Amino acid sequence: MKIKWLRKLIQIAALIILLLPIWFTDLIWYGTYISAELVGVDLTDPLTTLEITLASKTIWTPLIISALPLTIAAILLGRIFCSYICPLNFLLELIPLKKKKTLQTKLLPAVALAIVLILSAILAVPVFNVASPVFALMRVLIFGVGVEIILFAMVIGAAFIWGQKIWCRTLCPLGAIYGLLGAKRRLAIKVDKDNCINCGRCEKVCSMGTSPLKNSFADACTCTNCGDCVDACPKKALSYTFNGLKR
Ligand code: SF4
Ligand code: SF4
Ligand code: SF4
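All values derive from a computational prediction rather than experimental measurement.

Conventions used here
Residues numbered from 1 in each chain as written. Chains lettered and ligands numbered in written order. Predicted model: local features only at pLDDT ≥ 70, side-chain atom pairs only at ≥ 80, totals over all residues. Helix = DSSP H or I, 4+ residues; strand = E, 2+ residues; numbered from the N terminus. Rg over C-alpha atoms; globule rule 2.2 N^0.38 Å. Buried ≥ 20, exposed ≤ 12 C-beta atoms within 10 Å, placed from the backbone. Contact = placed C-beta atoms within 7 Å. Expected span 1.5 Å × (residues − 1). Bend = angle between axes of the 7 residues up to and from the residue. Near = placed C-beta within 6 Å. Nonpolar A, V, L, I, M, F, W, Y, C, P; charged D, E, K, R; others polar. Pairing = 2+ DSSP bridges. Axes fitted to C-alpha atoms, helices over the stretch in contact; angles between N-to-C directions. Left-handed = near helix turned anticlockwise from the far one by under 90°. Parallel < 35°, antiparallel > 145°, perpendicular 65-115°, else oblique.

Caption draft 1: Structural detail: the overall build of the chain. Of the regular secondary structure elements, the chain holds 14 helices and 5 strands. Taken over C-alpha atoms, the radius of gyration comes to 18 Å for the chain, in line with the 18 Å a tight globule of 247 residues would show. On the principal axes, the C-alpha backbone points of the chain span a range of 50 × 40 × 35 Å. Scored against the burial criterion, the 247 residues of the chain give a buried share of 39%. Residue pairs at least 24 apart in sequence account for 72% of intrachain contacts in the chain once pairs closer than 6 positions are excluded.

Listed below in C-alpha cells is the structure:
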C-alpha cells in the first residue's frame, strides 16, 4: 500500500476521533486538537501552552506537563501532526499541487511564530489560538459554521492562487513550532545514495517545497515526514528510518 493512502486513512480516522465526542461522552478520548484528555492523561499542544504561559505571565505546572507528550512526540517524529492529523492539511491536499517559489522563504514560519508569541505576551491573549485557520476549521467542524470560516476560506483561496501548501510553507506558526521541535528528529526520510539517479522526482512531488536530498536546518524544519517522496521515487532509494536525519 502506498504511504499516501495509509496517510489518508489516518487523516480520516483523526477527523472521526475529533468528531466522536459530539455524540458520545463516555469515550477514552475527550477534547480537541488544542487540548484533550486521553485515558486520563491531559494533552495540550505546545504552541497553545507557550501562548497561554506568555499571555498569563504565569508558569502553570499542570499545563506545562500536559504539553510534554506532544512535545516529545514532535522531537522524535517531527511534523507528523501536519502530515497525519491536521484537518486543514487534509483539505489542502484535495487542491491540485502547484508550487510557486516566489512566495517561499523557509524562515517566514519561524518569524510568524515569533510574532504570534510576542503578540500573545503583549495583548495577554493566546493570539494564534483565537485566530488560527487550523483551529477555526476544527471549531466549524464541531460547533457549526461561524465567522471563523473566513479564516480558513482565506487559506483555501491562497492555495488556489499560490499553491496547495502556501499557508503551511510560508506562515503557519503551528507547523513552525513542530518543525523546530522536530529539527533533529529520529523519524526521517533516509536516502540510499547508491540507488539515487538524481531524477528530481522527490523534489517535484514535495508539497512543502523541499526534498529529502536537501540538508539545511530550514529544510529539516520544513519537511513534514509525509512520505510522498518515498512513494514517488522510481528507484526505491527513499525510506523511513528511526535513525534520525542523516542525509
Ligand atoms: S503547517 Fe499548519 S496548517 Fe499546515 S499542516 Fe501543519 S499545522 Fe496544519
Ligand atoms: S526520486 Fe529517488 S532517484 Fe530521484 S532524485 Fe529523489 S531519491 Fe533520487
Ligand atoms: S521531503 Fe518528502 S517527506 Fe518531507 S515533506 Fe517533502 S515529500 Fe514529504
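Caption draft 2: Local environment of helix 3 (residues 61-77). The end-to-end C-alpha separation of helix 3 is 25 Å, in line with the 24 Å expected for 17 residues at 1.5 Å each. At Leu68, helix 3 is deflected by roughly 35 degrees, the largest bend along its length, and proline Pro69 occurs up to four residues later in sequence. Along helix 3, the residues classified as buried are Ser66, Ala67, Leu70, Ala74 and Leu77. If you follow the buried residues of helix 3, they end up packed against strand 3 (41-44), helix 2 (46-56), helix 4 (80-85) and helix 11 (173-181). Gly78, located one to two residues past helix 3, shows a positive phi value of around 75 degrees.

Caption draft 3: Seen up close, the site of ligand 3. Around ligand 3 sit 13 residues, and of these Cys206, Cys223, Cys226, Asp228 and Cys229 come closest. Residues that form the shell around ligand 3 fall into these classes: 7 nonpolar, 5 polar and 1 charged.

Caption draft 4: Inspection of unusual backbone geometry at higher detail. Positioned with a positive phi, Val39 is a non-glycine residue whose angle comes to about 40 degrees. Residue position: Val39 is located in the loop between strand 2 (35-38) and strand 3. For Asn198, which is not glycine, the phi dihedral falls at a positive 55 degrees.

Caption draft 5: Representation of the environment of Phe143. Tracing the backbone through its elements, the reader meets Phe143 in helix 8 (residues 133-143). For the pair Phe143 and Ile22, spaced 121 residues apart in sequence, the C-alpha to C-alpha distance is 8.9 Å.

Caption draft 6: Region of interest: the site of ligand 1. By nearness alone, every residue bordering ligand 1 is listed as Cys82, Cys86, Leu88, Asn89, Val134, Trp167, Cys168, Cys172, Leu174 and Gly175. Within the residue set of the shell around ligand 1, elements represented by two or more residues are helix 5 (87-92), helix 10 (166-170) and helix 11. Its residues placed into classes, the shell around ligand 1 shows 8 nonpolar, 2 polar and no charged.

Caption draft 7: Layout of the sheet that holds strand 2. The 3 strands lie next to each other as 1-2-3, forming an open sheet whose pairing is antiparallel. Looking at which strands have only one partner, the edges of the open sheet turn out to be strand 1 (29-31) and strand 3. With direction set aside, neighbouring strand axes in the sheet form an average angle of 20 degrees. Summarising the sheet, strand 2 and strand 3 pair through 4 bridges and their orientation is antiparallel. When the sheet's bridge partners are listed, Leu38 is paired in strand 3 with Val41.

Caption draft 8: Summary view of the environment of Val125. Locating Val125 in the fold gives a position in the loop between helix 6 (108-123) and helix 7 (127-131). With 17 C-beta atoms counted inside 10 Å, the residue Val125 sits in the partly exposed group.

Caption draft 9: Summary view of the environment of Leu119. Within the secondary structure, Leu119 sits in helix 6. C-beta crowding within 10 Å serves as the criterion here: with 18 such atoms nearby, Leu119 is assigned to the partly exposed category.

Caption draft 10: Focus on the packing of helix 2 against helix 6. At their nearest, the axes of helix 2 and helix 6 sit 6 Å apart, and the two run at 35 degrees to each other. Here the hand of the crossing between helix 2 and helix 6 comes out right-handed. On helix 6, the residues that touch Leu50, Glu51, Leu54 and Ala55 of helix 2 are Leu117, Ser120 and Ala121.

Caption draft 11: Expanded view of the packing of helix 8 against helix 9 (residues 149-162). Two elements in contact, helix 8 and helix 9, have axes whose closest approach is 8 Å; the angle formed by their N-to-C orientations is 125 degrees. With respect to helix 9, the element helix 8 is oriented oblique. Crossing angle aside, the handedness with which helix 8 passes helix 9 is left-handed. Across the interface between the two elements, Pro133, Ala136, Leu137 and Val140 of helix 8 pack against Ile149, Leu151, Phe152 and Val155 of helix 9. Considered class by class, the residues forming the contact of helix 8 with helix 9 number 8 nonpolar, no polar and no charged.

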